[in-house]
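Summary of structural features
What follows is each chain in one-letter form.
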Amino acid sequence: MNEQQNWEAKTEERDIRYYFEVLTKYAPLIFIITVITTGLAVAITLNMHKIYQGKVLLCIEPQDNAIIDNNRVSDQRAYALRQTQIQMFYSRNLIKNTLETLKTNTLAAFSLPNRRATDAQLITAFSKKISLKSEMRTDLVWLYVEDEDRKRAAIYANTLAETYIRFNIQSRMKVMGLYYEQMNDKANAKKADLIAEEQSLLEYKSTNNYQNVSGHIELLNAEIAQLQHELQSNMERLEDKEITETEKYTLKEANGKINRDIATKRAAIVSLDEILKNVKVREMQVESIRSQYSDLLSLVSKFALGSNMKNYNVRIVDYAETPTTPIKPNAVNNLIMGLVIGLLLGLGLTFFLEYWDDTL
């Protein structure tokens, strides 16, 4: 057992010595290949176009839809709305407006080199320069725009952000305008309903002499009380044993008339009470319509053009500054990659040559 372990140890030692000798033998080749690949990486890096990145920090807060549906948006809905707004940065209409704005600046007008491009080609090319990144658990979003010129990279980013904010404001104002027209039409219709209901109430009160109804009811109640008192007095006289039959007959006739008068007056009171109830119901209807009309007027004022500026939820936190260093090419990464590739090629070629070397 010990002899086998000693043999394996000697074999491993010979293998290590063998690899070391091979590496020492071909060290100049490995060095030359590594220098060549590293040099090529440096040359390629120096010849590559430098790309600069302008970045703008935006705050995209959840939209306040309380005016529209009186409910705060949920977190999931707020996230969906923000992602929708982020994707709008790639919209062709927005990019077209941005390019139109850039045309006013002769130093920053966007164009494609060595050829005349159509608007569609310019929009497609500019969209490829754009990228966005959301900061986790915040309302902050980074807007990046790349270009070979450091100044233009910053100008492009700032112009795109400002154009988006204007575009967003115009879109919201358009929506507000549509809601304003709808709410204004509803308010005018409700105003007509209110006027008609108030006029109907006035006519009903006038027709039924509403202002004297309460007094009339009080008078009827007083008359009923008097009649009931007379009825009670007659009933007491009927119990007297000394009255004649003729007097009894007269008293009973009088009681019958009194009861009929009481019934008539009570029926009149019921009718008058019905008038009071109808007026109360109509007044409640008028108040309900007036409240609805007031609510509509409040919405009309909120949807009036320019009155909802506080609800625009996109703003620029930090404008893009002219970048000092390019993001592409990455010289350090390219140098490391050239060095690694050179070592791998050198080692591979070394063992390939050693494998085919059959000299003693």
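Scroll up to find the structure.
As a starting point, this report considers the structure included with it. If you're wondering where the values come from, they're calculated on a predicted model, not measured in any experiment.

This part takes up the overall build of the protein chain. Secondary structure summary: the protein chain contains 10 helices and 4 strands in total. Along the protein chain, from the amino end to the carboxyl end, the secondary structure elements read α-α-β-α-α-α-α-β-β-α-α-α-β-α. Within the protein chain, contacts between residues separated by at least 24 positions form 81% of all contacts whose residues are at least 6 apart in sequence. For the protein chain, the computed accessible surface area is about 24400 Å², with 56% contributed by carbon and sulfur atoms.

Along an α-helix, a turn takes 3.6 residues, which lines up residues three or four apart on a common side. An ideal rise of 1.5 Å per residue puts 86 Å on 58 residues; helix α7 (residues 150-207) measures up with 85 Å between its terminal C-alpha atoms. Between the side-chain oxygen at the start of α7 and the backbone nitrogen of Lys151 there is a gap of 3.0 Å, and the oxygen is on Asp149. Count one or two residues on from α7 and you reach Asn209, which has phi positive near 50 degrees.

Turning next to the pattern of salt bridges. Applying the stated criterion across every chain yields a total of 8 salt bridges. Taking the shortest distance from any N to any O, the salt bridge between Lys129 and Asp147 comes out at 3.0 Å. With Lys129 in the loop between α6 (119-127) and β2 (130-134) and Asp147 in strand β3 (residues 140-147), the pair connects residues that are 18 residues apart, well separated along the chain. Judged by relative accessible area, which is 5%, Asp147 ranks as buried. Between Arg290 and Glu287 there is a salt bridge, with the nearest N and O atoms lying 2.5 Å from each other. Note that Arg290 and Glu287 are positioned in helix α9 (residues 245-303) at a spacing of 3 residues, about one turn of the helix. Exposure remark for Glu287: the relative accessible area of 46% places this residue in the partly exposed category. Each of Lys129, Asp147 and Arg152 takes part in salt bridges that share partners, so that together they form one network.

All told, the structure shown has 5 aromatic pairs when counted by the stated rule. Geometrically, the ring pair formed by Phe89 and Tyr164 is stacked, given 4.2 Å between the ring centres and 25 degrees between the ring planes. Note that Phe89 is positioned in the loop between α4 (75-87) and α5 (92-102) and Tyr164 in helix α7, a separation of 75 residues in sequence. Grouping residues by exposure puts Phe89 and Tyr164 together as buried. When the ring of Phe110 is compared with that of Tyr156, the centres are 5.9 Å apart and the planes differ by 80 degrees; the resulting orientation is edge-to-face. Taken together, the positions of Phe110 in the loop between α5 and α6 and Tyr156 in helix α7 put the pair 46 residues apart, joining distant regions of the chain. Overall, the relative accessible area of 1% leaves Tyr156 in the buried class. Ring pairing ties together the aromatic residues Phe110, Phe126 and Tyr156, which thus form one cluster. It is Lys55 that lies over the ring of Trp142; its NZ or CZ is 5.4 Å from the centre.

The next subject is the nonpolar core. By size, the foremost hydrophobic cluster in this structure holds 31 residues, and its most contacted members are Val56, Phe89, Leu99, Phe110, Phe126 and Leu143. Listed by contribution, the elements that provide at least two residues to this core are β1 (52-60), α5, α6, β2, β3, α7 and β4 (314-318). The greatest single-element share of this core, amounting to 8 residues, is contributed by α7. Look past the residues within four positions of Leu99 in its chain and what remains in contact with it is Phe110, Leu122, Ile123 and Phe126.

This part covers the sheet that holds β3. Spatially, the 4 strands line up as an open sheet ordered β2-β3-β1-β4, and their pairing is antiparallel. Single-partner strands in this sheet number two, and they are β2 and β4. Averaged over all adjacent pairs, the angle separating strand axes in this sheet is 30 degrees, with direction ignored. Two strands pair when backbone bridges link them, and β1 and β4 are joined in this way by 4 bridges, in the antiparallel orientation. In the sheet register, Ile60 faces β4, and the bridge partner there is Val314.

About the cut-offs
- Residues numbered from 1 in each chain as written.
- Predicted model: local features only at pLDDT ≥ 70, side-chain atom pairs only at ≥ 80, totals over all residues.
- Heavy atoms only, no water.
- Helix = DSSP H or I, 4+ residues; strand = E, 2+ residues; numbered from the N terminus.
- Contact = heavy atoms within 4.5 Å.
- Areas by Shrake-Rupley, 256 points an atom, 1.4 Å probe, with all protein chains shown as cover.
- Expected span 1.5 Å × (residues − 1).
- Polar contact = N/O pair within 3.5 Å; in protein donor to acceptor, adjacent residues only side chain to side chain.
- Salt bridge = Lys/Arg side-chain N within 4 Å of Asp/Glu carboxyl O.
- Buried < 20%, exposed > 50% of the residue type's maximum accessible area, 1.4 Å probe, protein only.
- Phe/Tyr/Trp six-rings, centres within 6.5 Å; stacked < 30°, edge-to-face > 60°.
- Lys NZ or Arg CZ within 6 Å of the ring centre and 35° of its normal.
- Core = buried A, V, L, I, M, F, W, Y, C linked by side-chain atoms within 4.5 Å.
- Pairing = 2+ DSSP bridges.
- Axes fitted to C-alpha atoms, helices over the stretch in contact; angles between N-to-C directions.

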